[in-house]
Amino acid sequence: MAVTKMQKLTLVTYLEHKEAVVKRLQGLQDVEVRDFNQLLEAREIPFVRVDGNSSDNEQHYAKSQHALTILNQYRLTLTLKDKWQAKRPTLSVEEIDHVLSDEKNQQLLDSIIAGNQQRHDDQSERQEIEQALDQLRPWQAVDHSLAEVNQVPGLTVRYGTVTNDEERANYRALLADEYYVEEVYATADEIGVIVAYPDSASELATFNMEQAGFETLVLDNAKTPSVEIDRLEAYRQQLLNHEKQVVKQLEQYSRQIKTVEAMNEAYYNRWQRSKLDQLIFHNDYLIVLSGWAVAEDIELIKSELSKVLPAERYAILFDEATQDEIKANDVPVKLNNNAVVAPFESITTMYGYPTYDGLDPTPFLTPFYLVFWGMMSGDLGYGACLFILTLIAKLGLDLSTSAKKMVDFGLLLSIATMIVGVIYGSAFGVTLPFQLIDPMNDAMALMAISIVIGGINLFIGLILKIYLAVKEKDFEAAYSDGLGWVLILSGLIVMGVGSMLSLPPIATKAASVVAIVGAIGMVAVPMIYQKRKGVAIVQGLFNLYGITGYLGDFISYARLMALGISGGSIALAFNMLVGQLPSVARWTIGIALIVILHGFNMFLTFLSAYVHGLRLIFVEFFGKFYDAGGKPFAPIAVLEKYVHLAREKS
């Protein structure tokens, strides 16, 4: 059974044991907690929801995540060998949580974040100083301060700038006989000027400065520009030295990144546990936890709980799911397939989980997807490249559970590619000495094979529809959506093959009878099961119109032939292109060029095979029988980004 059996779990224990219980269940990854308070509400039983500390724990997790982001900027760059050999530790949830009990680790997070903030503050202040220095350096030649020159009674002196242009219009707007203007410097963008005017010309000078867009230089009036530059430069160097010290300290902290990673894991796990406060029933003494448990691990769950709870301190009950719960889609779904089929569960879940009492289509889609992929990407060389890459990843990298499934997925697909590559006799576009099918010269035969494989795929889908409809005792759907089409399509196929292969007339005649009987049944069966006969007839005739859709379905499988030929043709064209190069270029730049071109073609080939394979499964296959809508099994979440969770075995 590909859908794992579930049982209801109800656990009652004392309030002080809540954390230990939830932590152990989180480590097992075999229990999904459901909203017990909602169950009480449905029965109109009063309850009080407890405000947990989920928000606080989320903030702690965000804080540790921020600290990790900071440390990753300062950690030593690992060599390829170090990355290859790096392995994540395997710890239980309790062991991961232990890192939070050390107060020094809490202080470490604060120090990292504070140090990073201090560096940003230093950088921001240093940037302001550098902007001030850039503004002051052109004035360095001025050897007097504003305070000195403004001591002359009746005279005002101002330093500032006006915008420069080709005609120097703003500068000329400042000039007047009534006061003095001196140009200090000029750049393409601005002109620095000193304006000195007597009190009698104050109004005119002020007006002219406004018209010219005069911007006053911000400067300590008691200091000359050179003195102010020296002061600011000294302060800039002081900020720079302090920033270097902060960076050095952060680099020291980066050596403890493993501790921060463990804290990040622990805070995430604690956050997920605290989110359950809204789902678990509380009072002043007890908690009641309700959920769904993997049936085959019930004894393991009991054994693990007994390690953290005395027998007299809790009670646990397991029940079978009721039909009402199954029909209401309350029972979560966990897929359970063997090592070959499990990697293809991602295709099923991408489309949608099956219902708990439904059929997991993964074992049925697996062989077809392998064949589809192989035919669309069939090349021994390309398959070998994918095989080597996925095998290296599988054997050498420290992968998460989901990543392992993806690598296994690629590994199986590479085998399919190599097998079809041998059949096609193709390796990197080069024809091999052995060749069962030549895609270029046997295109029609390959198309026939593609349509035959597609027909088998369609018929398997229709047979599964018949099985599921009969299981639900929906005999009308079993015929109208399944058996009727099996009869019609079988009859038409035999008739078509008979005309091409000159089968005995009795065979084609029998096939025509089967097709006609199937078509008549498409109209007659709805009339048997529906009270409104007129509507039933119209519905039956409309169903028969679906034959056009089936013709389109059969044609869709021709892409198996088309993509297989296109990938091989492009590879062959690349080989010919490089083969036209002069001998010296062929064995120098030509090698690099052929690697790049084949790499690009390999990527496009695999991408096309993936996408079009999904299309054939989702539309042509799943469209015949599969109704998704199941609720995925969701145990108490763990991060497992920096450690492997130690899972107990039943």
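Just above, that's the structure.
What comes next is a walk through the structure. (Residues numbered from 1 in each chain as written. Predicted model: local features only at pLDDT ≥ 70, side-chain atom pairs only at ≥ 80, totals over all residues. Heavy atoms only, no water.)

## A word on the overall build of the protein
- Looking only at helices and strands, the protein has 25 helices and 13 strands in total.
- A compact globule built from 650 residues would reach a C-alpha radius of gyration of about 26 Å, whereas the protein, at 39 Å, exceeds it by more than 25%.
- Projected onto its principal axes, the C-alpha coordinates of the protein cover approximately 125 × 85 × 60 Å.
- Here the protein holds 650 residues, and 44% of them are scored as buried.
- In the protein, of all internal contacts separated by at least 6 residues, the share reaching a separation of at least 24 is 80%.
- Carbon and sulfur atoms provide 60% of the accessible area of the protein, an area that totals close to 33,900 Å².
- Considering the protein, the positive charge centre built from 54 side chains and the negative charge centre built from 75 side chains are found 11 Å apart. (Helix = DSSP H or I, 4+ residues; strand = E, 2+ residues; numbered from the N terminus. Rg over C-alpha atoms; globule rule 2.2 N^0.38 Å. Buried < 20%, exposed > 50% of the residue type's maximum accessible area, 1.4 Å probe, protein only. Contact = heavy atoms within 4.5 Å. Areas by Shrake-Rupley, 256 points an atom, 1.4 Å probe, with all protein chains shown as cover. Lys, Arg positive; Asp, Glu negative; His and termini not counted. Charge placed at Lys NZ, Arg CZ, Asp CG, Glu CD.)

## A look at a nonpolar patch on the surface
- Nonpolar side chains collect at one region of the surface, where F600, F603, L604, L607 and V611 lie side by side and expose about 470 Å² of accessible area between them.
- Relative to the assigned elements, V611 resides in helix 25 (residues 589–625). (Patch = residues over 30% accessible without salt bridge, like charges linked within 9 Å, V, L, I, M, F, W, Y side chains within 5 Å. Salt bridge = Lys/Arg side-chain N within 4 Å of Asp/Glu carboxyl O.)

## Let's talk about the layout of surface pockets
- Looking at the largest pocket, its volume works out to about 1,300 Å³.
- In terms of lining residues, the largest pocket is bounded by 37 residues, among which K334, L335, T401, K405 and R647 are the most central.
- Put simply, the parts of the chain that give the lining of the largest pocket at least two residues each are helix 14 (345–351) and helix 17 (401–424).
- No other element matches helix 17, which puts four residues into the lining of the largest pocket. (1 Å grid on protein atoms, 1.4 Å probe; cavity = no way out; pocket = protein on both sides within 12 Å on 5 of 7 lines; lining within 4 Å. Points joined across faces, edges and corners; volume = space filled by probe spheres on them.)

## Brief notes about the side chain of T4
- By the element assignment, T4 lies in the segment before strand 1 (6–14).
- What T4 contacts, discounting residues up to four positions off in sequence, is V294, K334, L335, N336 and Y356.

## Some words on unusual backbone geometry
- Even without glycine at this site, R168 takes up a positive phi of about 50 degrees.
- Here N329, not a glycine, exhibits a phi torsion of approximately 60 degrees, which is positive.
- Among the structural elements, N329 can be located in the loop between helix 13 (323–327) and helix 14.
- Residue N329 is classed as partly exposed on the basis of its relative accessible area, which comes to 25%.

## Let's talk about the pattern of salt bridges
- By the definition in use, this model includes 31 salt bridges.
- In this structure, R273 and D97 form a salt bridge, with 2.7 Å as the shortest nitrogen-oxygen distance. Of this pair, R273 sits in helix 11 (residues 257–274) while D97 sits in helix 5 (residues 93–97), and the two are 176 residues apart along the sequence. Just as R273 is buried, D97 falls in that class too.
- Note that E243 and R126 form a salt bridge whose closest N and O atoms lie 2.7 Å from each other. Of this pair, E243 sits in helix 10 (residues 225–254) while R126 sits in helix 6 (residues 103–136); the two residues are 117 residues apart in sequence, bridging distant segments of the chain.
- It is possible to trace a salt-bridge network through shared partners that takes in R119, R126, E130, D134, R137, E233, R236 and E243.

## Focus: the sheet that holds strand 7 (residues 215–216)
- Strand order in this open sheet of four strands is 5-6-4-7, and the pairing throughout is antiparallel. Both edges of this open sheet fall to strand 5 (180–186) and strand 7, since each of them pairs with a single strand only.
- Of the pairings in the sheet, the one linking strand 4 (residues 155–163) to strand 7 comprises two bridges and is antiparallel in character. When the sheet's bridge partners are listed, T161 is paired in strand 7 with E215.
- Where helix 9 (residues 202–212) meets the sheet, it contacts strand 4 and strand 6 (190–198), and its direction lies at approximately 165 degrees from that of strand 6. (Pairing = 2+ DSSP bridges. Axes fitted to C-alpha atoms, helices over the stretch in contact; angles between N-to-C directions.)

## With respect to the nonpolar core
- Ranked by internal contacts, the top residues of the largest apolar core, which has 50 residues, are I347, L365, Y369, F372, I617, F622 and F625.
- With 10 residues, the single largest contributor to this core is helix 25.
- Among residues more than four places away in sequence, those in contact with I617 are I347, L365, F368, Y369, F372 and F622.
- In terms of nonpolar packing, the next biggest core, distinct from the first, is built from 29 residues, V99, V247, Y642 and V643 among them. (Core = buried A, V, L, I, M, F, W, Y, C linked by side-chain atoms within 4.5 Å.)

## Comments concerning helix 19 (residues 475–501)
- Here helix 19 contains 27 residues, and its C-alpha end-to-end distance of 36 Å stays within 8% of the 39 Å for a straight helix at 1.5 Å per residue.
- Where helix 19 bends most, at L483, the angle is about 35 degrees.
- Remark: S502 follows helix 19 within two positions and exhibits a positive phi of approximately 55 degrees. (Expected span 1.5 Å × (residues − 1). Bend = angle between axes of the 7 residues up to and from the residue.)

## Topic: the pairing of strand 5
- Relative to strand 6, strand 5 runs antiparallel, the two sharing six bridges. Looking at the pairing, E182 lines up with I194 of strand 6.
- Linking strand 5 back to strand 6 in an antiparallel pair, the connection comprises three residues.

## Some words on the side chain of H644
- You can see H644 is positioned in strand 13 (residues 644–645).
- Contact partners of H644, with chain neighbours within four places excluded, come to R88, P89, T90, L91, D398 and L399.

## Considerations on the pairing of strand 1
- Sheet topology note: the strand 1/strand 9 (residues 286–294) ladder contains nine bridges and is antiparallel. Bridge assignment links M6 to a residue of strand 9, and that residue is V294.
- Pairing of strand 1 with strand 10 (residues 314–320) involves seven bridges; the strand directions are antiparallel. Looking across to strand 10, one finds that L11 is bridged to I316.

## Side note on the environment of A445
- Secondary-structure assignment places A445 in helix 18 (residues 443–471).
- Measuring from C-alpha to C-alpha, the distance between A445 and M561 comes to 9.3 Å, with 116 residues separating the pair along the chain.

## Re the environment of I617
- Structurally, I617 is set in helix 25.
- For I617, a relative accessible area of 0% gives the class buried.
- In sequence terms I617 and A403 are 214 residues apart; their C-alpha atoms lie 23 Å from each other.

## Considering the packing of aromatic side chains
- Counted according to the given criterion, the structure contains 23 aromatic pairs.
- Ring centres 5.9 Å apart and planes at 50 degrees place the aromatic pair F372 and Y557 in the tilted group. Separated by 185 residues along the polypeptide, F372 in helix 15 (residues 362–377) and Y557 in the loop between helix 22 (547–556) and helix 23 (559–579) bring together distant segments of the chain. Neither residue differs from the other here; F372 and Y557 are each classed as buried.
- In this structure, R313 is placed above the aromatic ring of Y14, and the distance from its NZ or CZ to the ring centre is 3.9 Å.
- If you follow K624 out to its NZ or CZ, it ends over the ring of Y550, 5.2 Å from the centre. (Phe/Tyr/Trp six-rings, centres within 6.5 Å; stacked < 30°, edge-to-face > 60°. Lys NZ or Arg CZ within 6 Å of the ring centre and 35° of its normal.)

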